[in-house]
Amino acid sequence: MAKKIRKKHTYKKIILTIVSILIISFIIFGLYSIGKLIIKPTDVVVVNQGEVYSEESSVGYVLRDEILIEENSEKKLIQIKTEGEKVAKGEIIYRYNTPEEDEINKKIQDLTMQIQEALEGQTDLLSSDIKALENQIESKLNSIDKKNNIQNIKEYKNDISTYITKKAKIAGSLSKSGTYINSLIEQKESLEQQLALKVEYIYAPVSGVVSYRTDELEQKLTTEDFSYITSEFLENLNLKVGQVVNTSNNKCKIVNNYKCYIATVLESEEAQNIDVNKNVRLRVSNQDILKAKIIYKQKEKDKTVIVFEINKNVENLIEHRKISIDVIWWEEQGLKIPKNTIYYDDGLAYVVRNRAGYLERILVKVIEKNDFYCIVNNYETEELSKLGLSTEEIARHKNINLYDEIIVNPEINM
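Note that the structure is a prediction, hence the values are computed from the model and not measured.

A few words on the overall build of the protein chain. The helix and strand inventory of the protein chain stands at 9 helices and 17 strands. A total of 414 residues make up the protein chain; the buried ones form 38% of that total. Considering only intrachain contacts with a sequence separation of at least 6, the fraction spanning at least 24 residues in the protein chain is 76%. Surface summary for the protein chain: the accessible area is close to 25500 Å², and the carbon and sulfur share equals 49%.

Strand order in the open sheet made by the 3 strands is β3-β5-β6, with antiparallel pairing throughout. Each of the sheet's edge strands pairs with one partner strand only, and the pair in question is β3 (77-79) and β6 (200-203). Taking the axes of each pair of neighbouring strands and ignoring which way they run, one obtains an average angle of 35° across the sheet. When strand β5 (residues 92-96) meets β6, the two strands line up antiparallel, connected through 4 bridges. For R95, the partnering residue across the bridge sits in β6 and is Y201.

Tallying each qualifying case throughout the model produces 6 aromatic pairs. Centre to centre, the rings of Y94 and Y212 are 6.4 Å apart; their planes meet at 70°, and the pair counts as edge-to-face. Linking Y94 in strand β5 with Y212 in the loop between β7 (208-211) and α6 (231-235), this pair joins segments that are 118 residues apart in sequence. On the numbers, 5.2 Å between centres and 90° between planes, the contact of Y228 with F233 is edge-to-face. On the basis of relative accessibility, which here comes to 23%, the residue Y228 falls in the partly exposed class. Grouped by ring-pair contacts, the aromatic residues Y94, Y96 and Y212 constitute a single cluster. Just above the ring of Y373 sits the side chain of K336; from NZ or CZ to the centre is 4.4 Å. The lysine or arginine in question, R361, covers the ring of Y350, its NZ or CZ lying 3.9 Å from the ring centre.

Quick look at the pattern of salt bridges now. In this structure the tally under the stated criterion is 18 salt bridges. Notably, a salt bridge pairs E218 with K253, separated by 3.1 Å at the nearest N-O pair. Highlighted residues: E218 in the loop between β7 and α6 and K253 in strand β8 (residues 252-266), separated in sequence by 35 residues. Relative accessible area serves as the criterion here: at 5%, E218 is assigned to the buried category.

Bridge count for strand β12 (residues 322-338) against strand β16 (residues 373-377) is 4 bridges, and the pairing is antiparallel. By the bridge assignment for β16, L335 is matched with V376. Where strand β15 (residues 358-369) meets β16, 4 bridges bridge the pair, whose relative direction is antiparallel. Residue pairing across strands places K369 opposite C374, the latter belonging to β16. Where β15 folds back onto β16 in an antiparallel hairpin, the turn is made up of 3 residues.

Procedures and definitions
Note on numbering: residues in each chain are counted from 1, in written sequence order. Predicted model: local features are reported for residues with pLDDT of at least 70 only, side-chain atom pairs are reported and counted for 80 or more only, and whole-chain, interface and lining totals are derived from all residues. The side-chain quantities take in all heavy atoms of the structure and omit both hydrogens and water. By the criteria applied, helices consist of DSSP H or I runs no shorter than four residues and strands consist of E runs no shorter than two, each listed in order from the N terminus. Burial here depends on accessible area, computed with a 1.4 Å probe over protein chains only, as a share of the maximum for the residue type. Under 20% is buried, over 50% is exposed, and the range in between is partly exposed. Residue contacts are defined here by distance: any two heavy atoms, one from each residue, within 4.5 Å place the two residues in contact. Note on areas: these come from Shrake-Rupley sampling with a 1.4 Å probe, and a residue is covered only by the protein chains present in the view. Paired strands are those between which DSSP finds at least two bridges. Angular values range over 0 to 180 degrees, each being the angle between N-to-C directions of two axes fitted as lines to C-alpha atoms, with helices fitted over their stretch in contact. Any two rings among Phe, Tyr and Trp, with Trp reduced to its six-membered ring, count as a pair given centres within 6.5 Å; such a pair is stacked if its planes are under 30 degrees apart, edge-to-face if over 60, and tilted if neither. For a lysine, the NZ atom is tested; for an arginine, the CZ atom; a charge sits over a ring if that atom is within 6 Å of the ring centre and within 35 degrees of the ring normal. Salt bridges are defined as contacts in which a side-chain nitrogen from Lys or Arg sits within 4 Å of a carboxyl oxygen from Asp or Glu.

Following this line, the structure appears as structure tokens:
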């Protein structure tokens, strides 16, 4: 009986000793953790929805399908179609200024003024036709101030001149000074016919967009075959980024407004590894983000020459040859976390979640990452099984969720 009592007492002492050791261990661990936090506070970040992308900055050289029209480089052209205006094949683009044009136009203007002066004070002319013409003239005069297109303004001026002439012809048959007015009209029409015979019109050889910005590179930066484009070739063009192409007084070109090309030289691994016909996005100097397709690629030691094809906002690039660009190689949306919240154990990625001081490590799937951030997701049950996790481990597996707090610079022993 006494032996049994001594055995029970011994067991109690052993159990008490073990419990005491465990309690002391927990206290020491707690004090260690608190001390560690005091010495090195643990930062947390919140899991948010976001976007991660990889991009590379460079400069791009704009190449176009363009036909330079240089019929007579010694004469000054008169724009009929304005910069950036779309034209069809065979449509009049511009005409050349004839030597006597300024003088003839001055005489026509003087005769128009004389006709108007002769018509002043003709209050006895009550013809309904004259009244209608006066209303048309007034309407055109009121509208012309609201126009900012050169071609529209010219058309309005021509219409006004035509109405005045028609009014003068009617007035000439009704007024006492009809002979004088008719004489002025005949002189004006004679000069207009003389001017029309001297006009040299230029027609669009193909459809496209009209541009008077020429830089003598139209026939050098061709688009039939890009094999001539090298980093050295582009550098030797000696172009400035963002420089606006000057407007010519005697040349014009028709530009394909459906597509153009941007050639660039890149140094990233993405540029070296990407395939032709792949699609990326370009952020150009005016901050537009454009879809682009890689249609040519050539490796040069540690550089890669790439030509992109774009088919939107082509008109906005006509005035430049060399622009700043950002190549967006890829982009991914989802749960976005800083890269320094992930640690790897046996090839798998983990984060440490903090819920009211309770820390738990969570296995996550890294979808994409750049130098600073990652897009992560949760594994499906089948995927966890393929990773080699047991049924018990899969059952205990936790998912990362939006707005979770996770530890920055986590350690395995957490």
